[in-house]
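# Close look at the chain arrangement
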Amino acid sequence: MHSHELVQHFERSFGQSPRIFRAPGRVNLIGEHTDYNDGFVMPAAVGFSTYVAITERPDRKLLIHSKEFPEHFKFDLDRLPESRTRRWCDYVLGVARVLQQRGYSLPGANLLVHGDVPIGAGLSSSAAIEVASALAMISVGKFEIALPEVAKLCRQAENEFVGARVGIMDQFVACMAKKGQALLLDCRSLDFQFVPIPSAIRLVVCNTMVKHDLATGAYNTRREECEQGVRYFASKNPEVRALRDVSVEMLERYADDLPAVIRKRCTHVVRENQRTIALSQSLAAGDWSRVGQLMRDSHRSLRDLYEVSCRELDVMVDAAEGLPGFVGGRMTGGGFGGCTINLVRYSDADEFAAKVAEFYREATGITPQTYLCSAGEGAGEVS
Ligand code: GLA
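The model shown is predicted, which means the values in this text are computed figures rather than measured ones.

## What about helix α10 (residues 311-320)?
- In terms of burial, α10 is a largely internal element, eight of the 10 residues being buried.
- If you follow the buried residues of α10, they end up packed against β9 (201-207), α9 (288-304), β10 (326-332), β11 (339-345) and α11 (349-364).
- Directly after α10, the chain includes G322, whose backbone phi takes a positive value near 85°.

## With respect to the site of the ligand
- Neighbouring the ligand are 13 residues, the closest being E32, H33, D35, D170 and Y219.
- Here an oxygen atom of the ligand sits 3.5 Å away from a polar atom, N or O, in the main chain of G334.
- Across the complex, the protein chains shield 98% of the 310 Å² of accessible surface that the ligand would expose by itself.
- When its residues are assigned to classes, the shell around the ligand shows five nonpolar, four polar and four charged.

## Comments concerning the packing of helix α6 (residues 218-236) against helix α8 (residues 260-285)
- One way to put it is that α6 packs onto α8 with a least axis distance of 9 Å and a crossing angle of 90°. One element, α6, and the other, α8, form an angle in the roughly perpendicular class. Contacts between α6 and α8 pair R222, E225, C226, Q228, G229 and F233 from the former with V261, I262, R265, C266 and V269 from the latter.
- Within the contact of α6 with α8, the residues separate by chemical class into six nonpolar, two polar and three charged.

## Overview of the pairing of β11
- Within β11, six of the seven residues are buried, leaving the element largely enclosed by the surrounding structure.
- Sheet topology note: the β9/β11 ladder contains seven bridges and is antiparallel. Each bridged residue has a counterpart across the sheet, and for I201 the counterpart in β11 is R345.
- In this sheet, β11 lies alongside β10 in antiparallel orientation, the contact comprising six bridges. Looking at β11, one finds that F326 is bridged to V344.

Conventions adopted
In this numbering scheme, every chain counts its residues from 1 along its sequence in written order. Only residues with pLDDT of 70 or above have their local features reported here, since the model is predicted, and side-chain atom pairs are shown and tallied only from 80 upward, although totals for entire chains, interfaces and linings are computed over all residues. Derived side-chain values reflect all non-hydrogen atoms in the structure, with water molecules and hydrogen atoms excluded from consideration. Residue burial is assigned from relative accessible area. The probe radius is 1.4 Å, only protein chains are included, and a residue is buried under 20% of its type maximum, exposed over 50%, and partly exposed in between. Secondary structure elements follow DSSP: runs of H or I of four or more residues count as helices, runs of E of two or more count as strands, with numbering from the N terminus. Throughout, a residue-residue contact means that at least one pair of heavy atoms, one from each residue, lies within 4.5 Å. Put simply, a residue is near a molecule or strand once any heavy atom of it comes within 4 Å of that molecule or strand. Any pair of N or O atoms that falls within 3.5 Å is considered a polar contact. Within protein, one atom must be able to donate a hydrogen and the other to accept it, and sequence-neighbouring residues count only if both atoms are side-chain atoms. Using a 1.4 Å probe, the Shrake-Rupley method yields the accessible areas, and only the shown protein chains count as cover for residues. Here the nonpolar group is Ala, Val, Leu, Ile, Met, Phe, Trp, Tyr, Cys and Pro; Asp, Glu, Lys and Arg are the charged ones; every other residue, Gly included, is treated as polar. Lines fitted to C-alpha atoms define the axes, with helix axes restricted to the stretch in contact, and inter-axis angles between N-to-C directions lie between 0 and 180 degrees. Note that the term roughly parallel is reserved for angles under 35 degrees, roughly antiparallel for angles over 145, roughly perpendicular for angles of 65 to 115, and oblique for everything else. Think of it this way: DSSP has to see at least two bridges between two strands before they count as a pair.

By themselves, these are just geometric observations and shouldn't be taken as functional.
Here's what the structure looks like:
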């Protein structure tokens, strides 16, 4: 995206020169459905971004336009909707409401949103628009809010206003990502460390083109199943506050008495946390066969135990096996469609993407998209 185009569009719409804020989409290398269990995740920002251009208004109106969507929205800051409107402006509104709830008094503003993060593809287009809008509104309000706090308030907006009970991963990495690095995050303490992605490795993201919608059903059901697991393990050991606190030993000792579905969900989460730590170590050590095995295990566990994969994702994952330069791959994000993430030797990445796409098209009849990515920077102002 050329920011001068966005500036021009903004000037035509609102007759003023804006400031522009950007936040990236993400892929998660490993640690899936662990964030809301206080566990570990290891995402990285990718080259897609959402931009929000903004100027202050002298009145109490919030005008929200998009370069992609035709609808224009106009709200009164003193009477913002109390719950979602089921339109894309909800992400911006949710953030505005949370800022107000936290006592920040927002000035009126014109916003123009432009994004190239594929929507509903599991690459966190929602976190990107939330974080970019938050930074934009924070700038016109002249508030000082540290980035990890911005991530938390964006998550709150998505939980309470949009109605998806997501964890902190997407908003956090959108805020804090660093070029060339994956971010190993402890979702309980929010302590994190960067894990360099070797320059010989390319992130190849393959989009099944099957869409999901986290706000409806299955994601929130998984959360409830985990909570049921927590209640059970807490009855065995009162120190357990989240599945994060359940050790492999506890799992093996007590899990047999759980209903089968809950046992499967808990087994996934407990072991996925271990795999996430192990992947950060094997990536740093350059142990590619271990990296590959951990990603494969993660996918199988999401498919068979957590049951959030789908046929198209499984086909896309299988398509990668055995191709030259392939290190490891799995579904990424919430599941039920969306993308796979593949670590591939740099020089083989183009060929790899073409082969996977061909295999997938033949097996499913769907033409996929593939993106060759490197880990990018987190959110900030665009000059
Ligand atoms: C979605 C949510 C995240 C996380 C993943 C699954 O991306 O937004 O918080 O729970 O699903 O790992």
